[in-house]
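Remarks on the overall topology
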Amino acid sequence: MVFQSSLKNCLQLSCILRTPKAGFRSSSGGLIIQSVSNDVYQNLAVEDWIHDHMNLENRQVLFLWRNSPAVVIGRHQNPWQECNLRLLRQKNIKLARRRSGGGTVYHDLGNINLTFFTTRKKYERMENLKLVVKALKALRPQLDVHVTDRYDILLDRQYKISGTAAKLGRTTAYHHCTLLCNADKFVLSSVLKSPYKGLKSNATPSVPASVKNLFEEDPSLTYEMLLDAIAEEYATQHQIDHQITLINPADETVLPGINNKTKELQNWDWVYGKTPKFSVSTCFNIAYKDSVIDVKIDMDVKHGRIEGCNIDLPDQWLPLALCSELVKNLTGSKFCPDETTTLATTLLRVCPQDDDMHSRWNLLCENMRMLM
Amino acid sequence: VCIHRVRSCSSIRFIKSKYVCVFDKSALKFSHQQRLFRTSAVSCGQIVQFKLSDIGEGITEVTVKEWYIKEGDSVSQFDSICEVQSDKASVTITSRYDGIIRKLHYNLDEIAYVGKPLVDIEIDASKGVAPEEDVVETPPMSHEEHTHQEIKGHKTLATPAVRRLAMENNIKLSEVVGTGKDNRILKEDILNYLAKQTGAILPPSPKGEIIPPLPKSETVPAAPKDKARKIPLPVSRPLVFSGKDKTEPITGFHKAMVKTMSAALKIPHFGYCDEIDLTQLVQLREDLKPLAQIRGVKLSFMPFFIKAASLGLLQYPILNASLDESCQNVTYKASHNIGVAMDTEQGLIVPNVKNVQVCSVFEIASELNRLQALGSAGQLGTNDLTGGTFTLSNIGTIGGTYTKPVILPPEVAIGALGKIQILPRFNGKGEVFKAQIMNVSWSADHRIIDGATMARFSNLWKSYLENPASMLLDLK
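Residues numbered from 1 in each chain as written. Chains lettered and ligands numbered in written order. Predicted model: local features only at pLDDT ≥ 70, side-chain atom pairs only at ≥ 80, totals over all residues. Heavy atoms only, no water.

The name given to chain B in an unreviewed UniProt entry is Dihydrolipoamide acetyltransferase component of pyruvate dehydrogenase complex, with Glaucidium brasilianum as the source organism. Among the UniProt annotations of chain B, the heading Subcellular location (unreviewed entry) holds the following wording: "Mitochondrion matrix". Quoted verbatim from the Catalytic activity (unreviewed entry) field of the UniProt record, the comment on chain B reads "N(6)-[(R)-dihydrolipoyl]-L-lysyl-[protein] + 2-methylpropanoyl-CoA = N(6)-[(R)-S(8)-2-methylpropanoyldihydrolipoyl]-L-lysyl-[protein] + CoA". (UniProt positions renumbered as here; feature names shortened; annotations may be inferred.)

Going by an unreviewed UniProt entry, chain A carries the name Lipoyl amidotransferase LIPT1, mitochondrial and comes from Glaucidium brasilianum. In the Sequence similarities (unreviewed entry) part of its UniProt record, chain A is described as follows: "Belongs to the LplA family." Looking at chain A in UniProt, the text filed under Subcellular location (unreviewed entry) is "Mitochondrion".

1. Focus: the overall build of chain A
Along chain A, the regular secondary structure elements total 13 helices and 16 strands. For chain A, the spread of C-alpha atoms along the three principal axes comes to 85 × 50 × 30 Å. A burial count over chain A gives 60% of its 372 residues as buried. In chain A, the share of contacts with a sequence separation of at least 24, taken over all contacts with a separation of at least 6, comes to 73%. Of the roughly 14,700 Å² of accessible surface on chain A, 51% is carried by carbon and sulfur atoms. Computed over 45 positive and 40 negative side-chain charges, the separation of the two mean positions in chain A equals 6 Å. (Helix = DSSP H or I, 4+ residues; strand = E, 2+ residues; numbered from the N terminus. Buried < 20%, exposed > 50% of the residue type's maximum accessible area, 1.4 Å probe, protein only. Contact = heavy atoms within 4.5 Å. Areas by Shrake-Rupley, 256 points an atom, 1.4 Å probe, with all protein chains shown as cover. Lys, Arg positive; Asp, Glu negative; His and termini not counted. Charge placed at Lys NZ, Arg CZ, Asp CG, Glu CD.)

2. A closer look at the packing of aromatic side chains
Residues and elements named next belong to chain B. Applying the stated criterion to the full structure yields 17 aromatic pairs over all chains. Between Phe301 and Phe305 the ring centres are 6.2 Å apart and the planes differ by 20°, which places this aromatic pair in the stacked class. Taken individually, Phe301 and Phe305 each receive the classification buried, so the pair is uniform in this respect. Note on Phe390 and Phe457: the rings are 5.8 Å apart at their centroids and 65° apart in plane angle, and the pair reads as edge-to-face. On the criterion of sequence distance, the pair formed by Phe390 in strand S16 (residues 390-393) and Phe457 in helix H12 (residues 451-466) is long-range, its members being 67 residues apart. (Phe/Tyr/Trp six-rings, centres within 6.5 Å; stacked < 30°, edge-to-face > 60°.)

3. With respect to the pattern of salt bridges
It is possible for side chains bearing opposite charge to pair when their charged atoms get close. If you walk through the whole model with that rule in mind, you get 34 salt bridges over all chains. Between Arg99 of chain A and Asp48 of chain A there is a salt bridge, and its shortest N-O distance comes to 2.7 Å. Highlighted residues: Arg99 of chain A in the loop between strand S4 (94-97) and strand S5 (105-107) and Asp48 of chain A in helix H2 (residues 40-53), separated in sequence by 51 residues. Each member of the pair Arg99 of chain A and Asp48 of chain A is classed as buried. When the shortest N-O distance is used, the salt bridge between Lys65 of chain B and Asp109 of chain B registers 3.3 Å. (Salt bridge = Lys/Arg side-chain N within 4 Å of Asp/Glu carboxyl O.)

4. Considerations on the UniProt feature "domain: Lipoyl-binding" (unreviewed entry) in chain B
Per the UniProt record, "domain: Lipoyl-binding" (unreviewed entry) is found at residues 47-122 of chain B. Within residues 47-122 of chain B, the helical portion is 0% and the strand portion 55%, while the C-alpha atoms at the span's ends are 4 Å from each other.

5. Regarding the packing of helix H5 (residues 125-139) of chain A against helix H8 (residues 223-238) of chain A
Relative orientation and spacing of two packed helices are given, respectively, by the angle between their axes and the distance between those axes. Residue and element names in this part refer to chain A. Orientation of H5 relative to H8, taken along the N-to-C sense of each, is 120°, at an axis distance of 9 Å. Relative to H8, the element H5 lies oblique. Here the hand of the crossing between H5 and H8 comes out right-handed. The residues of H8 that touch H5, namely those facing Leu131, Val132, Lys134, Ala135, Leu136 and Leu139, are Met225, Leu226, Ala229, Ile230, Glu233, Tyr234 and Gln237. Taken together, the residues of the contact of H5 with H8 break down into 10 nonpolar, 1 polar and 2 charged. (Axes fitted to C-alpha atoms, helices over the stretch in contact; angles between N-to-C directions. Parallel < 35°, antiparallel > 145°, perpendicular 65-115°, else oblique. Left-handed = near helix turned anticlockwise from the far one by under 90°. Nonpolar A, V, L, I, M, F, W, Y, C, P; charged D, E, K, R; others polar.)

6. Digging into the confidence of the model for chain A
With 92% of its residues at a pLDDT of 70 or more, chain A has an overall mean of 87. Below pLDDT 50 for its whole length, residues 1-12 of chain A participates in 42 contacts with residues either more than four positions away or in separate chains. (pLDDT = per-residue confidence, 0-100.)

7. Looking at the sheet that holds strand S7 (residues 145-147) of chain A
Residue and element names in this part refer to chain A. One open sheet accounts for 3 strands, arranged S7-S8-S9; its pairing is antiparallel. Edge positions in the sheet fall to S7 and strand S9 (159-162), since each of these pairs with one other strand and no more. Neighbouring strand axes in the sheet, compared pairwise and without regard to direction, differ in orientation by 35° on average. Of the pairings in the sheet, the one linking strand S8 (residues 153-155) to S9 comprises 3 bridges and is antiparallel in character. (Pairing = 2+ DSSP bridges.)

8. A word on the domain arrangement of chain B
Domain parsing of chain B yields domain 1 (46-123), domain 2 (160-194) and domain 3 (268-473). The C-alpha-based centres of domain 1 of chain B and domain 3 of chain B are spaced at 60 Å. (Domains from an automatic or database assignment.)

9. Observations regarding the UniProt feature "domain: BPL/LPL catalytic" (unreviewed entry) in chain A
With numbering aligned to this structure, UniProt lists the feature "domain: BPL/LPL catalytic" (unreviewed entry) at residues 56-242 of chain A. Annotation note: span residues 56-242 of chain A, helix share 28%, strand share 29%, distance between end C-alpha atoms 19 Å.

10. Notes on the environment of Trp442 of chain B
Residue and element names in this part refer to chain B. Summarising the element assignment, Trp442 is placed in strand S18 (residues 432-445). In sequence terms Trp442 and Val176 are 266 residues apart; their C-alpha atoms lie 64 Å from each other. Leaving out residues up to four positions away in the same chain, Trp442 has contacts with Phe270, Gly271, Tyr272, Phe390, Leu392, Ile414, Gly415, Met454, Phe457, Ser458 and Trp461.

11. Remarks on the confidence of the model for chain B
All names here are of chain B. For chain B, per-residue confidence averages 77 on the pLDDT scale, and residues scoring 70 or more make up 73% of the total. A low-confidence stretch, residues 1-43 (pLDDT under 50), is modelled with 48 contacts involving residues beyond four sequence positions or located in other chains. In the predicted structure, residues 128-154 sits below a pLDDT of 50 and forms 69 contacts with residues beyond four places in sequence or in another chain.

12. Overview of the packing of H2 of chain A against helix H9 (residues 258-266) of chain A
All names here are of chain A. Interaxial distance between H2 and H9 falls to 8 Å at its minimum, and their mutual angle equals 120°. What the angle tells us is that H2 and H9 run oblique. In this structure, H2 crosses over H9, and the sense of that crossing is right-handed. From H2, Tyr41, Gln42, Leu44, Ala45, Val46, Asp48, Trp49, Asp52 and His53 reach across to H9, where they touch Ile258, Lys261, Thr262, Leu265 and Gln266. When grouped by side-chain class, the residues that make up the contact of H2 with H9 number 7 nonpolar, 4 polar and 3 charged.

13. Re the state of the cysteines
Residue and element names in this part refer to chain A. Under the definition given, this model contains 0 disulfides over all chains. You can see Cys177 has no disulfide; the closest cysteine sulfur is in Cys181, sitting 11 Å from it. Taking the relative accessible area as the measure of exposure, Cys177 reaches 2% and is therefore buried. (Disulfide = S-S within 2.5 Å.)

14. A word on the pairing of strand S8 (residues 117-123) of chain B
Residues and elements named next belong to chain B. S8 sits mainly inside the fold: 7 of its 7 residues count as buried. With 6 bridges joining them, strand S1 (residues 46-51) and S8 adopt antiparallel strand pairing. Considered in S8, the bridge of Phe50 is made with Val119.

Below, the structure is given as structure tokens:
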């Protein structure tokens, strides 16, 4: 990627990092930044940008961000397995794939995200989480929060309020975690339940957990208080000013090349195309006029595209030629209801006009869409 | 073979003992194969086993999740080799060497062990790469950019720290004069180069050069244009274009388009165009827009065009018909399912409004809103996309006046509407007035539709729109 980087461009960020603070501070420095955007792709792009372009040798970074409703899956996960994509599309909830590992989470403005950037050598998740717990306890000493060895933070020993994931590059690393403050638990549980049956995949599965919001436990809490407490603790531990710098993830002058990174994250080939190979094997019934028929579908999906497809129908229910034409067209196309519908409806244009046949065809296609 | 080995060994500056080449059978086998294939002076290199380095946190095993390279690929130092996962952490493993991948030790989803070989890389003997430990913080860069830094066959000696400085400032090492030992490029050389280029700290903007495009790259957007005013003009460089043609299979929407249009080719098209004075309709819509808004519906011109078309089809039903495959029979369709061409991110789709003949203009508008919302969300169902009998395409919203639309089988006619322009026209008294003019271009299947029918239909449709009150007479 071509980017105009120079000391001047990265003035507010890497320049600060590069010029050592002569004399009066110890060598471990830190920087706390907060995003002004609630767009999940823009914020993930900031993480990428810092990971790729910042010198973290003498200074670590804490990044604070919140997103409008989105489901974020881990790097190696399968969105069909992890969430209800139909519901996401209906409710206009975005789907993003992050570059770190781990499981699927639901973000909305009631959830705070924290990212700890360090060099690869100083990568230490437990320390970061203990910092968060310490901050929470400093704010509200009666809160029963602790870190598990799975890097979750539990409230009252049973409710998960934070999940963790990490990304390690050649020289830098980041560890990010969520913090449930006031998220919509109803939407959370409904979108994170996959309705898709018959999926077989080696993708990393998520481990479901009961969740609770911090604000439920203590309604007097606010986001500002939580962010402040965490920033305060981070500042203390890194011996820096407790000052939060705001950044705009759309600003190319501060973050050159950031818009390209945002586009990459929004790209279908990243969000869906990076799904590890999986197969779908399922059957359903179609009721038409006086009869009910069984249909069996087998599909192999690689890079989000249908690699192989088999549709088993009773003889004569639909013209064989048309079915094999559909299978042929589906091969290579995206495993996506939109594309399937377009292909299927187009095929109807070029075959004999038989209303009965058209109705059956539409029924078959509607059912197939439901698989995606 | 042995003598060859010794000679190439001496030119490699390996320091760490654990990276000494392993002379096992496979290495010998590869070098033997090399002799058969290679004829250049660059001799067979050494096979080095690149081991999986420490991940941290005491982790000893990881799962291989994705390979970025395959056997036979050439890699440069810092290129990404694979992605591994361990306990919620995703790790990008990058290459320590320049060379060619000779063996992948694991398949996808297998467990890999820290300290054990991950890949075998054949190192080019002439490029003495000195591997340093992870102390170096060079930001990981993409393969293409890295090759940019090294002209093949030309040794550019520089420590990784110096390379990083050059990369960050978009400087080609080959263009910097090295003043160190063996013409090694030092940090001062880079800084001198920068100072000479622009007289400022800022790097020269690579405007005169087209950088080889990455799969998803775009030129850096808007903001740097401001910088251009402040940065002095760069030293002109020879134009280097190394873009490559890209071939990819046609799938999805495009495939559907190919199918439809190939079938449409069989239809003998004829065109008929006209201009419509929408002055009165524009006024009517302005009056009705707020009413529709109150009912929660956005009112455009399309509902009027669609309803007028349906009224016209009642008089000329042959335009709402279908010709069978063998051209023996014509089927006059009872329903006016009027399709509306929609442009979405993925491509062209044509949902249709069902039974326009029994719908009011408001109902049509409401249905259009629904279809548009579903269309942009990629959620149109098969029912919405099939069963169309006649199509209108409002290409005018994007631009254009007259077009030559293509009929969508199994239909026999289509209309394309151009943009509305304000043009001077003469009224009945011979005075010039401001008219809102829109052009319409019809195409019809000449096997069953003749010019006269098309013209009369168009005139009727035109009269309804030019004098909207006349629609009231025929509304059912």
